[in-house]
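# An overview of the molecular structure
Each chain is listed here by its residues.
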Amino acid sequence: MANYADAQELAALRSLSASIGRDPHLTQAAGGNTSLKAGDTLWIKASGTWLKNALAEDIMVPVAIAPLLKAVEQRDPAADQPQAFAIEALNARKLRPSIETTVHALMPQRVVLHVHCVETISLAVQADCEAQLAKRLDGLEWAYVAYRRPGLPLAQGIAERLRPGVDVLILGNHGLVVAAETVADAEALLRRVTGLLARPPREVVEPNVAALTALIGRTGYRLPADIEAHAAAIDPESCRMASGGSLYPDHVIFLGQGSVVARSGEDVKCVTERCGAAPAAILFPGLGVLMRGDAGAGADAMQRCLADVTARVDVVAKLNYLTAAENDELINWDAEQYRQKLNAAGG
Ligand SMILES: [Zn+2]
């Protein structure tokens, strides 16, 4: 990088990215991404890489901003393939830029942080989200963008809602974007917004590990990586919310459509037969969660995310679930299949 000040900011951004990536309340698995604009180049997290590895690995890819923005403006499908805009001479690892690169390019500020913050998602799945935000974010320059598939559709949704001065975006059924001129200011804004959106999670009892272990038997299923993941099955309200369908895109990508909840008396074999396939995760109400033996680190991270999100949702709120068509477009999405492949290899 030619400019010393830009290089210093990129180093600061990598450090902040790693710390964001280590906080499961801010981002999970390969989700979330960060960027820095340096002249006419956007340095953005690579698709399929994990923010928590931002210091240990080179995960930032350079992208030419102007042609990408032109493609978004012209609704050119090329904008959905940001790798076409990567500056290959500077892209030593030949990584693909994040599928959310257009979100970062559209924000005029130098530094953009996009997180799948559980405080934000828990509000962003409520049908009354905008009214809740108006109460909590009074005084900030924020905009709410209703759910669109990440990539070009989301970029167009943002372009329609963006006004001069907006530096906070709440993405329906998805997450949070904050932007600022420096890494330090972006971090401060991130902390401020997540603080304003924070709600205490409902407390739950411990999982019934003895009962879950008995259910595991010889099924090949296992306990989740994080004990926190069980709450989605233990808390009746969380379990009810989970059973209603998919609440945000990365859930569909890593765990499949919706959640599978065991019915009274069902064991793993019964559930698998009823579903016609072995689900990545099974929720046993009141007991806890089991993960399929071959489920990867991304699936574990997303199963815990479901517990963290649903524990914060208002129990009387009406929820917006992804529609059948929205689920299908995520499952059949080429860019996501690439990200999944990398995630499985490097997670
Ligand atoms: Zn996202």
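Residues numbered from 1 in each chain as written. Predicted model: local features only at pLDDT ≥ 70, side-chain atom pairs only at ≥ 80, totals over all residues. Heavy atoms only, no water.

Where an unreviewed UniProt entry is consulted, the protein chain appears under the name Aldolase, with the organism given as Mesorhizobium mediterraneum.

## Topic: the side chain of K45
Tracing the backbone through its elements, the reader meets K45 in strand β2 (residues 41-45). Among the polar contacts listed, one links the side chain of K45 to the backbone oxygen of A30, at a separation of 2.7 Å. Once you skip the residues sitting within four places of it in the chain, K45 turns out to touch A30, G31, G32, N33, T34, L51, I59, M60, P97 and S98. (Helix = DSSP H or I, 4+ residues; strand = E, 2+ residues; numbered from the N terminus. Polar contact = N/O pair within 3.5 Å; in protein donor to acceptor, adjacent residues only side chain to side chain. Contact = heavy atoms within 4.5 Å.)

## Thoughts on the sheet that holds strand β11 (residues 288-292)
Spatial strand order, β8-β11-β10-β9: four strands in an open sheet with mixed pairing. Looking at which strands have only one partner, the edges of the open sheet turn out to be β8 (221-222) and β9 (260-261). Of the strands in this sheet, β8, β10 (281-284) and β11 are in contact with helix α8 (residues 209-216), which crosses β11 at around 30°. Along the sheet, helix α13 (residues 297-310) contacts β8, β10 and β11; its crossing angle with β11, the most-contacted strand, is approximately 160°. (Pairing = 2+ DSSP bridges. Axes fitted to C-alpha atoms, helices over the stretch in contact; angles between N-to-C directions.)

## Points about the pairing of β10
Side-chain direction in a regular strand flips from residue to residue, so the side chains alternate between the two faces of the sheet. With burial as the criterion, each face of β10 is covered, one bearing A281 and L283 and the other bearing I282 and F284. Viewed along the sheet, the connection from β9 through helix α12 (residues 268-275) into β10 turns out right-handed. For β10 and β11, the ladder comprises four bridges, and the chain directions are antiparallel. When the sheet's bridge partners are listed, F284 is paired in β11 with G288. As consecutive antiparallel partners, β10 and β11 are separated by three residues, and within that stretch G286 has a phi angle of approximately 80°, a positive value. (Buried < 20%, exposed > 50% of the residue type's maximum accessible area, 1.4 Å probe, protein only. Right-handed = clockwise from strand over helix to strand, strands pointing away.)

## Focus on the coordination of the zinc ion
Note on metal geometry: ideal angles are 109.5 degrees for four donors arranged tetrahedrally and 90 or 180 degrees for six donors arranged octahedrally. Taken together, E100 (OE), H114 (NE2), H116 (NE2) and H174 (NE2) make up the full set of protein donors to the zinc ion, lying 2.0 to 2.2 Å away. Its four donor atoms give the zinc ion angles of 86 to 150° at the centre, a pattern that matches the irregular case. Along the chain, the residues donating to the zinc ion fall in the pattern E-x13-H-x1-H-x57-H. With a gap of 58 residues between them, H116 in the loop between β4 (111-115) and α4 (118-124) and H174 in the loop between β6 (168-171) and β7 (175-180) connect regions that are remote in the sequence. By relative accessible area, which is 6% here, H116 ends up buried. (Donors = N, O, S within 2.8 Å, 3.2 Å for Na, K, Ca; no water. Tetrahedral: all angles 85-135°; square planar, octahedral: opposite > 155°, others 65-115°.)

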